[in-house]
There are 2 protein chains.
Amino acid sequence: MPEISETGLSKDEIETPALLIDLDALERNINKMADYFSKVEASLRPHAKTHKTPIIAHKQIKVGAIGVCCQKLSEAEVMVASGIDDVLITNEVVNPSKIKRLVSLSKHGRIIVAVDDLEIAKATSETAVKTGVKQDVVIEVNVGLNRCGVEPGKPTVEFAKKLLKLKGLNLVGLLGYEGSFFNISDFEERKKAANARNKLLIETRDLLEDAGITVEIVSAGATGTYNITGEYPGITEIEAGSYVFMDTTYTRLAGLDFEYALTLLTTVISRPALERAVVDAGLKEVTKEFGMPQVKDVEGATLQSLSEEHGTLRLEKTVDLKIGDKIELIPSHCCTTVNLHDKYYCLRDGVVEAVWNIAARGKIR
Amino acid sequence: MPEISETGLSKDEIETPALLIDLDALERNINKMADYFSKVEASLRPHAKTHKTPIIAHKQIKVGAIGVCCQKLSEAEVMVASGIDDVLITNEVVNPSKIKRLVSLSKHGRIIVAVDDLEIAKATSETAVKTGVKQDVVIEVNVGLNRCGVEPGKPTVEFAKKLLKLKGLNLVGLLGYEGSFFNISDFEERKKAANARNKLLIETRDLLEDAGITVEIVSAGATGTYNITGEYPGITEIEAGSYVFMDTTYTRLAGLDFEYALTLLTTVISRPALERAVVDAGLKEVTKEFGMPQVKDVEGATLQSLSEEHGTLRLEKTVDLKIGDKIELIPSHCCTTVNLHDKYYCLRDGVVEAVWNIAARGKIR
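What you see is a predicted model; the values in this text were computed from it and never measured. (Residues numbered from 1 in each chain as written. Chains lettered and ligands numbered in written order. Predicted model: local features only at pLDDT ≥ 70, side-chain atom pairs only at ≥ 80, totals over all residues.)

1. A word on the relation of the copies chain A and chain B
For step 1, the next point in the chain: Of the transformation placing chain A onto chain B, the axial shift is 0.0 Å and the rotation is 180°, giving an RMSD of 0.0 Å. Taken together, these values place the two copies in the relation of a two-fold axis. Considering only C-alpha atoms, the residue of chain A closest to the rotation axis is Leu340 of chain A, which sits at 3.2 Å.
For step 2, the next point in the chain: Mapped onto chain B, 100% of the interface residues of chain A again fall at the interface, so both copies present the same surface. (Least-squares fit on C-alpha atoms with pLDDT ≥ 70 in both. Contact = placed C-beta atoms within 7 Å.)

As C-alpha cells, this is what we get:
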C-alpha cells in the first residue's frame with residue numbers, strides 16, 4: 001500500500017502484523033538519555049543497529065548525540081547517505097571489497113572502524129593511501145566478552161605502536177564493549193561486573209598514554225550500563241542502542257526507567273477454544289531468543305508459543321477476545337525484532353502520524 | 001551492488017554474509033520429491049513460505065506440483081503476480097481490508113483460503129458476492145496441533161453445512177496440518193503420531209461425504225511426514241516446504257534423504273585466540289530456535305554462540321583458519337533463516353549462476 005494512505009489511520013485500521021512506535025514514548029526516551037549525557041563527561045553515540053532508521057538517528061543527534069554507531073558497513077552507508085557524518089563502526093571490516101567501500105565512505109564523513117589485526121590494518125592503510133584519505137580506527141580490546149579484540153594491557157600497546165607506523169590510518173582510540181549484562185538485574189551487581197571490565201580498558205588507555213600515544217576516544221557501554229560505564233572516569237562515549245525502544249528483557253534491570261516505545265500490532269485470527277486465541281504473528285515477525293514477548297494490556301492473556309506465522313495465546317476464562325481484535329505484543333528483544341520489518345507505523349494519540357522505512361533493514365554486508 | 005556484476009563471481013568473491021543456494025542440490029531435491037509424488041495418489045502443493053521466491057515455485061510446478069501453499073495473503077499476491085494461478089492460503093484471513101484483497105486476488109487465479117469461523121466466512125462471502133467471485137475455502141480442522149481450526153468430526157460437519165448456505169463461498173475441502181514431528185526422528189514412531197491425526201481428518205471427510213458434501217481437497221502433510229501422510233488414503237495434497245533446502249533439524253529424521261541446498265556464507269573477521277574465531281553473521285542473518293547452525297566442511301570447528309551480528313566459533317587446536325577465510329553455516333531452520341534475507345546467491349560449480357530476489361520476504365500482511 002502507498003504510505004500516503006496509511007498516515008492518518010487509527011491503530012485499528014492498520015493491517016497487521018505491524019511494528020508500532022509510540023512517538024511520545026520514543027521522544028521521552030531520547031530526551032531522557034540526552035538529559036543524562038548533558039550532565040556527565042562522557043558523550044552519547046547511540047547504536048543505530050537497534051532502530052536502523054535515519055530519522056531516529058537524526059532525532060538523537062539533534063538533542064546531543066555526537067554521531068551514531070553501526071555494526072555493519074552497509075548500515076553506515078545508509079546513515080551517511082542520510083546526512084550523518086560521524087559514524088563509529090563497532091566491528092571489524094576485513095574483505096578487500098568492503099575495505100574499499102569503507103575508505104570511500106570516509107570521503108563523506110568521519111568513519112571510525114574497529115581493528116584487531118595487523119594484516120587487516122595494513123590492507124586498510126594501503127587502500128586508504130590509494131584513495132587519498134586517512135582512515136580513522138579504534139583498537140577493539142577484549143575486556144572479557146571473548147569475542148573479537150586484542151587482549152588488554154601490553155598486547156594492545158604493542159599493537160597500537162605498529163598501527164602508528166601505517167600511513168593511511170589515524171589511530172583515535174579504543175573500543176571495549178563490556179557487555180550489556182541484561183542478565184544481572186541488580187544495579188550494584190551489574191555495576192561491579194561492568195566496572196571490572198571498564199577498569200581493564202582504562203588501564204590500557206593509561207598504558208597507551210604512558211607510551212606517548214594520544215587516546216581521543218574510549219568507547220564502551222550499552223543500554224544496560226549507560227549510567228555505570230557512562231560515569232566511569234576516562235570513558236569518552238557510550239554505545240547505548242535499545243533505550244530508544246526498550247524491551248521486556250531490559251526493563252527487568254534496576255535503574256533503567258525508559259518506556260516501552262515499540263510494540264508489534266497483531267490481529268486475532270482464530271478463537272477456537274475458550275482458553276485459546278491465535279494471532280497473526282510468529283517468529284517471522286517477533287523474536288524469542290530472550291524469552292516470549294509480553295501481551296500488552298490484556299489481563300489474563302499470555303503468549304504461550306510462537307510458530308513461524310502464528311502466536312498462540314493462553315487465556316484465562318474471563319478474557320473476552322474475539323476474531324479481528326487487535327493485540328499488541330511487547331518484544332523481548334527489540335533489535336532482532338526490528339530486523340524482521342520494513343516499516344514502522346508511528347502513532348500519536350492512537351493515529352498514524354508517520355510511516356518510516358527501516359532503511360538499514362537487510363543491510364547485512 | 002547491481003546484480004549483473006554478481007553473476008559469474010566465484011564463491012570467494014561474494015560479499016558476506018550471503019545466503020547461498022547449491023543449484024544442483026536444489027534441483028535434485030525438487031526432482032526427488034516430484035518423483036515420489038508421481039507414484040502416489042496424493043499431489044504435491046509445496047509450501048512457498050520456505051523459499052518465498054517465485055522462480056523456485058515455478059520450478060516445483062514445472063515438474064508436477066499442482067500449485068503452491070502460502071501462509072500470508074501478501075505472499076500469495078507475490079506468487080500470483082509471478083504467474084502462478086493456484087494457491088492455497090493455509091491460514092485464516094480475517095480483516096475486512098484483507099478480505100477485499102483476497103477476493104480481488106481470486107479474479108486472477110484459484111485462491112483457496114482456510115476458514116474456521118462463521119462470522120468471518122459470512123464477511124468473506126458478502127465481499128465475494130460484491131466483487132463478483134466465488135471464493136474457494138477449505139475448513140481448517142484441528143487434528144491435534146491445538147492452534148487454529150474447528151474440532152474434527154461433528155463440529156466440522158455442522159460448520160460445513162452453514163458454509164454451504166453462503167452464496168459467495170465455494171467449499172472445496174479440508175485442511176488438517178498434522179504437524180511436522182521434527183522431534184520424532186524414528187520413522188515408525190513418526191508414522192504412528194502423524195497417522196493418528198490423519199485418521200481424524202479422514203474420518204471427518206467421511207462424515208462430510210455421508211452428509212452429501214463433496215470434498216475435493218484434503219490438504220495435510222509437511223516435509224517431515226511427506227512419505228507418511230502422502231500415502232494415507234484420502235489425503236489429496238501435501239504441503240511440504242523445507243525439502244527444497246533442508247536444514248540440520250530435518251536431516252535428523254529417518255527416511256528423509258534430501259540434501260542441504262542452503263547455506264549461509266560468512267567471513268572470519270577476527271581470530272583473537274587459538275581456540276576462537278569470529279564470523280560476520282549472527283542472529284540477524286541465521287536463526288537458532290531449533291539449535292545452533294552447523295559449520296560445513298571445517299573439521300574441529302563448531303559454532304559456539306550467536307549474538308546479533310557475530311558468530312563465535314570454538315576451534316580445536318589443529319584448525320587452521322585465518323581472517324578473511326570463508327565459512328559456510330548450515331541453518332537449523334531454513335524457513336526463518338530465509339526470512340532474514342533479500343537475495344539468494346545461486347551457485348553451480350562454485351560460480352554464481354544467478355542472484356534471485358526473495359520477493360516475498362517481508363510480505364507479512
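That shown, we press on.
2. Side note on the packing of helix 3 (residues 73-81) of chain B against helix 4 (residues 96-105) of chain B
Residues and elements named next belong to chain B.
For step 1, the next point in the chain: Where helix 3 contacts helix 4, the two axes come as close as 11 Å, and the packing angle between them is 25°. It follows that helix 3 is roughly parallel to helix 4 by the angle criterion. The chirality of how helix 3 crosses helix 4 is left-handed. In contact with Leu73, Ala76, Glu77 and Val80 of helix 3, helix 4 contributes Lys98, Arg101, Leu102 and Leu105.
For step 2, the next point in the chain: Residues that form the contact of helix 3 with helix 4 fall into these classes: five nonpolar, no polar and three charged. (Axes fitted to C-alpha atoms, helices over the stretch in contact; angles between N-to-C directions. Helix = DSSP H or I, 4+ residues; strand = E, 2+ residues; numbered from the N terminus. Parallel < 35°, antiparallel > 145°, perpendicular 65-115°, else oblique. Left-handed = near helix turned anticlockwise from the far one by under 90°. Nonpolar A, V, L, I, M, F, W, Y, C, P; charged D, E, K, R; others polar.)

3. Some remarks on the interface of chain A and chain B
For step 1, the next point in the chain: Taken together, the 45 residues of chain A in the interface contact 45 residues of chain B.
For step 2, the next point in the chain: Top contributing element to the side of chain A that touches chain B by residue count: strand 10 (residues 262-273) of chain A, with four residues.
For step 3, the next point in the chain: Its residues assigned to classes, the side of chain A that touches chain B shows 11 nonpolar, 16 polar and 18 charged.

4. Here's the deal with helix 4 (residues 96-105) of chain A
Residues and elements named next belong to chain A.
For step 1, the next point in the chain: Turning to helix 4, its buried residues are Lys98, Ile99, Leu102, Val103 and Leu105. All buried residues of helix 4 project into a common sector of 155° when viewed along the axis, lining one side. The exposed residues of helix 4 that point more than 90 degrees off its buried face are Pro96 and Ser97. (Buried ≥ 20, exposed ≤ 12 C-beta atoms within 10 Å, placed from the backbone. Arc of directions from axis to C-beta.)

5. Notes on helix 5 (residues 118-131) of chain B
All names here are of chain B.
For step 1, the next point in the chain: Over its 14 residues, helix 5 extends 20 Å from the first C-alpha to the last, a length consistent with the 20 Å expected when each residue adds 1.5 Å.
For step 2, the next point in the chain: All of the buried residues in helix 5 are Ile120, Ala121, Thr124, Ser125 and Ala128. The buried residues of helix 5 all sit within an arc of 135° when viewed along its axis, so they share a single face. Turned more than 90 degrees from where helix 5 packs its buried face, Glu119 and Lys130 sit exposed. (Expected span 1.5 Å × (residues − 1).)

6. Considerations on the environment of Val279 of chain A
Residue and element names in this part refer to chain A.
For step 1, the next point in the chain: Tracing the backbone shows Val279 in strand 11 (residues 276-279).
For step 2, the next point in the chain: Along the sequence, Val279 and Arg101 sit 178 residues apart, while their C-alpha atoms lie 43 Å from each other.
For step 3, the next point in the chain: Discounting residues that sit within four places of it in the chain, Val279 has contacts with Thr266, Thr267, Val268, Ile269, Gly311, Leu313 and Ile327.

7. Some details on unusual backbone geometry
Residue and element names in this part refer to chain A.
For step 1, the next point in the chain: The amide bond that connects Thr16 to the next residue, Pro17, takes the cis arrangement and shows omega of -5°.
For step 2, the next point in the chain: The backbone of Asp297 shows a phi angle near 60°, a positive value even though the residue is not glycine.
For step 3, the next point in the chain: Judged by local crowding, Asp297 falls into the exposed class, with 9 C-beta atoms found within 10 Å.
For step 4, the next point in the chain: At Asp349, a residue that is not glycine, the phi angle is positive and equals roughly 50°.
For step 5, the next point in the chain: In this fold, Asp349 is placed in the loop between strand 16 (343-348) and strand 17 (351-357).
For step 6, the next point in the chain: Taking the number of C-beta atoms within 10 Å as the measure of exposure, Asp349 has 9 and is therefore exposed.

8. With respect to the domain arrangement of chain A
Residue and element names in this part refer to chain A.
For step 1, the next point in the chain: Here chain A is described as being made up of domain 1 (3-18 + 258-357) and domain 2 (40-246).
For step 2, the next point in the chain: Measuring from the centre of the C-alpha atoms in domain 1 to the corresponding centre in domain 2 gives 34 Å.
For step 3, the next point in the chain: On the domain 2 side, the residues contacting the 10 residues of domain 1 number 12 residues.
For step 4, the next point in the chain: Sort the elements by how many residues they give to the side of domain 1 that touches domain 2 and helix 9 (residues 334-338) lands first, with three residues.
For step 5, the next point in the chain: Among the residues making up the side of domain 1 that touches domain 2, the classes are represented as nine nonpolar, no polar and one charged. (Domains from an automatic or database assignment.)

9. Considering the sheet that holds strand 6 (residues 135-140) of chain A
All names here are of chain A.
For step 1, the next point in the chain: The sheet built from eight strands is open, its strands ordered 2-9-8-7-6-5-4-3 with parallel pairing. A strand with exactly one partner marks an edge of an open sheet, and here the two such strands are strand 2 (43-44) and strand 3 (68-70).
For step 2, the next point in the chain: Relative to strand 4 (residues 86-92), strand 3 is paired through three bridges, and the arrangement is parallel. The partner of Cys70 across the bridge, within strand 4, is Ile89.
For step 3, the next point in the chain: Lying on the sheet, helix 5 (residues 118-131) is in contact with strand 4, strand 5 (110-115), strand 6 and strand 7 (169-175); it crosses strand 7 at an angle near 140°. (Pairing = 2+ DSSP bridges.)

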